[in-house]
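# Structural features, examined
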Amino acid sequence: MIHILFGSQSGNAQNLAHVIGDSLNDNGHEAEVHDMGEMNPEEIQNIKTLIIVTSTYGDGEPPDNASEWMSYVKFDEELNLSHLRYAVIGLGDTYYPHFCQAGKDFDHYLSKRDAHAMLKRLDCDLYYEEQYPDWLKELLGVLKNHQEE
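Another aspect to go through is the overall build of the protein. Each helix and strand in the protein was counted, giving 4 helices and 6 strands. Counting from the amino terminus, helix and strand elements in the protein follow one another as β-α-β-β-α-β-α-β-β-α. Here the C-alpha radius of gyration of the protein, 14 Å, is about what a compact globule of 149 residues would show, namely 15 Å. By principal-axis analysis of the C-alpha atoms, the protein measures approximately 40 × 40 × 25 Å. The buried share of the protein, reckoned over its 149 residues, is 47%. In the protein, the proportion of contacts linking residues at least 24 apart, taken out of those at least 6 apart, comes to 80%. In the protein, 10 side chains carry a positive charge and 27 a negative one; their mean positions are 8 Å apart.

This is the structure in structure tokens:
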């Protein structure tokens, strides 16, 4: 099972999370999309494959529905996520000084807790519809190769 969690203030990250979920399901993977605000962050202990799709809000903070998850992975020093494979896609606007900061932070803290990045984080500007397809294609390749192992 692939868990896709979104942190979204305006709905763009939520929409993209569902597009990614549909694409994964259409390509033979079992994927579920969840609002971070409706899932306990401690559930990360039971997740093996995680995709985070998040926007950034204000001065580089995660969206409201993702703040509890961010706090959990950032501040729980005992958290060991060596069982977890993950990918992060951040949505933002290069006009702002903290471009895609929430995505960068999730990537940093997951890695710091020994989770394994499946591919390089993607930081998308306003026109994310043009930017994510290559990333998604790469993700599908990684997932397919992992299934065959």
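We now examine the pattern of salt bridges. Inspection of the entire model under this criterion finds 3 salt bridges. One salt bridge in this structure joins Arg113 and Glu77, with 3.9 Å as the shortest N-O distance. Placement of Arg113 in the loop between helix 3 (101-112) and strand 5 (116-117) and of Glu77 in the loop between helix 2 (67-75) and strand 4 (85-91) is noted, with a sequence separation of 36 residues between them. Of the charged contacts, one joins Asp107 and Arg121 as a salt bridge, the two residues approaching to 3.0 Å between their closest N and O atoms. Of this pair, Asp107 sits in helix 3 while Arg121 is found in the loop between strand 5 and strand 6 (122-124), placing the two residues 14 residues apart along the sequence.

With that settled, consider the packing of aromatic side chains. Within this structure, the stated rule accounts for 1 aromatic pair. Aromatic side chains Tyr95 and Tyr96 sit 5.3 Å apart centroid to centroid with 90° between the ring planes, which places their arrangement in the edge-to-face category. Judged by relative accessible area, which is 69%, Tyr95 ranks as exposed. With relative accessibility at 48%, the residue Tyr96 sits in the partly exposed group.

The next point concerns the pairing of strand 1 (residues 2-7). A regular strand carries its side chains on alternate faces of the sheet. The buried fraction of strand 1 is high, at 6 of 6 residues. Of the two faces of strand 1, the one carrying Ile2, Ile4 and Phe6 and the one carrying His3, Leu5 and Gly7 are both buried. Relative to strand 2 (residues 31-35), strand 1 runs parallel, the two sharing 5 bridges. In the strand pairing of strand 2, Ile4 is matched with Val33. The handedness of the strand 1 to strand 2 crossover, carried by helix 1 (residues 12-26), is right-handed.

The rules behind the values
- Residues numbered from 1 in each chain as written.
- Predicted model: local features only at pLDDT ≥ 70, side-chain atom pairs only at ≥ 80, totals over all residues.
- Heavy atoms only, no water.
- Helix = DSSP H or I, 4+ residues; strand = E, 2+ residues; numbered from the N terminus.
- Rg over C-alpha atoms; globule rule 2.2 N^0.38 Å.
- Buried < 20%, exposed > 50% of the residue type's maximum accessible area, 1.4 Å probe, protein only.
- Contact = heavy atoms within 4.5 Å.
- Lys, Arg positive; Asp, Glu negative; His and termini not counted.
- Charge placed at Lys NZ, Arg CZ, Asp CG, Glu CD.
- Salt bridge = Lys/Arg side-chain N within 4 Å of Asp/Glu carboxyl O.
- Phe/Tyr/Trp six-rings, centres within 6.5 Å; stacked < 30°, edge-to-face > 60°.
- Pairing = 2+ DSSP bridges.
- Right-handed = clockwise from strand over helix to strand, strands pointing away.

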